[in-house]
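Each chain is listed here by its residues.
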Amino acid sequence: MTTVGFIGSGYIGSTIARLAIEAGHQVVLSNSRGPETLADTAAELGPRASAATSGEAAAAGDIVVVAVPVKAFPTLTAAPLAGKTVIDTCNYGPERDGHIPELDSTSLTSSELLLRYVPDAMLVKAFNNISFKHLLSLARPAGSADRSYLPIAGDCAPAKAAVTEFIESIGYSVVDAGPLADSWRRATGTPVWGTPYGPFSNEKGQPVGEDGIRAALATATR
Ligand SMILES: NC(=O)c1ccc[n+]([C@@H]2O[C@H](COP(=O)([O-])OP(=O)(O)OC[C@H]3O[C@@H](n4cnc5c(N)ncnc54)[C@H](OP(=O)(O)O)[C@@H]3O)[C@@H](O)[C@H]2O)c1
């Protein structure tokens, strides 16, 4: 059993938490407004779920999921994430996040920007390319013919291995899509972002195999 801490427990954070609970893990949720605002969500998830401050969730997690708007990166506290395996689900959108010059110019990926605020975290990009509804509906047990693949990116092999094990436990197989510097290949609007799992209007989504994910990553341009 892994304890997964969540910094951000909205659509994607709470969906990952739900899959983690179903797989037998423990989760510690947090948001910007305080644990009392997550009491109902934690209660719904059951006895292996709790709500805490962001610092406590980060400290508790064997793996910590950061699932916040990119504009919140400067507010994150680096110390509790030092040395931790951290999953970055985040996508940059100027309409929500405001314009961030390094991201507009593509001189940095959003994960590399996050790393500036949490420099000692072992960061792995994952889950940013699938909508929360498809993530929930496409999860399948290992060995299922229609199990889908998710790409990960990162610079730290042990962290990637830990995240791969976690993702495999919650219903997906993994494609290693290289280092964080290449994670622009899965940013908002790229071929692997959303599209392979079907239109958002189809909440069930469509399963995607390894070849489909690799082909979509390979055709990304910037
Ligand atoms: N929605 C999707 O299907 C999806 C899929 C893949 C990736 N993503 C990406 O994942 C990120 C989260 O998306 P979302 O749709 O889950 O957003 P959301 O539903 O708006 O949830 C955002 C969460 O982040 C929390 N938060 C904001 N600032 C924070 C801070 N400074 N410290 C701690 N928590 C903070 C919010 O808490 P409060 O409500 O208390 O402020 C909320 O729990 C975004 O970057 C998004 O692009 C989303």
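Residues numbered from 1 in each chain as written. Predicted model: local features only at pLDDT ≥ 70, side-chain atom pairs only at ≥ 80, totals over all residues. Heavy atoms only, no water.

- As named in an unreviewed UniProt entry, the protein chain is Pyrroline-5-carboxylate reductase catalytic N-terminal domain-containing protein, taken from Streptomyces zagrosensis.

Here we look at the nonpolar core
- One finds Val27, Phe127, Leu135, Phe166 and Ile167 to be the most contacted residues of the largest nonpolar core, which totals 42 residues.
- Residue contributions to this core peak at six residues, all from helix α1 (residues 11–22).
- Setting aside anything within four residues of it in sequence, one finds Phe166 in contact with Val4, Ile16, Ala20, His25, Ile63, Ile87 and Phe127.
- Formed by 22 residues, the second largest nonpolar core is a distinct cluster that contains Ala72, Leu76, Val86 and Leu103. (Core = buried A, V, L, I, M, F, W, Y, C linked by side-chain atoms within 4.5 Å. Buried < 20%, exposed > 50% of the residue type's maximum accessible area, 1.4 Å probe, protein only. Helix = DSSP H or I, 4+ residues; strand = E, 2+ residues; numbered from the N terminus. Contact = heavy atoms within 4.5 Å.)

Here we look at the pairing of strand β6 (residues 122–125)
- With four bridges connecting them, strand β5 (residues 85–88) and β6 associate as parallel partners. By the bridge assignment for β6, Ile87 is matched with Val124.
- Across two bridges, the pairing between β6 and strand β7 (residues 149–154) is antiparallel. Of the residues in β7, the one forming a bridge with Val124 is Gly154. (Pairing = 2+ DSSP bridges.)

Details of the sheet that holds strand β4 (residues 63–66)
- On the basis of which strands lie adjacent, the open sheet formed by eight strands has the order β3-β2-β1-β4-β5-β6-β7-β8 and mixed pairing. At either margin of the open sheet sits one strand with a lone partner, and together these are β3 (49–51) and β8 (173–176). Strand-to-strand twist of the sheet, defined as the mean angle between neighbouring strand axes without regard to direction, takes the value 25 degrees.
- Across the sheet, α1 is in contact with β1 (3–7), β2 (26–29), β3 and β4; its angle to β2 comes to roughly 160 degrees.
- Of the strands in this sheet, β4, β5 and β6 are in contact with helix α6 (residues 110–117), which crosses β6 at around 155 degrees. (Axes fitted to C-alpha atoms, helices over the stretch in contact; angles between N-to-C directions.)

Focus: the environment of Met122
- Following the sequence through the fold, Met122 ends up in strand β6.
- Judged by its relative accessible area of 27%, Met122 is partly exposed.
- Separated by 34 residues in sequence, Met122 and Cys156 place their C-alpha atoms 6.3 Å apart.
- The residues touching Met122, leaving out its near neighbours within four places in the chain, are Gly83, Lys84, Thr85, Val86, Cys156 and Ala159.

So, the side chain of His25
- Mapped onto the secondary structure, His25 falls in the loop between α1 and β2.
- By relative accessible area, which is 8% here, His25 ends up buried.
- In contact with His25, other than residues within four places in its own chain, are Met1, Thr2, Ala20, Arg48, Phe166, Ser169 and Ile170.

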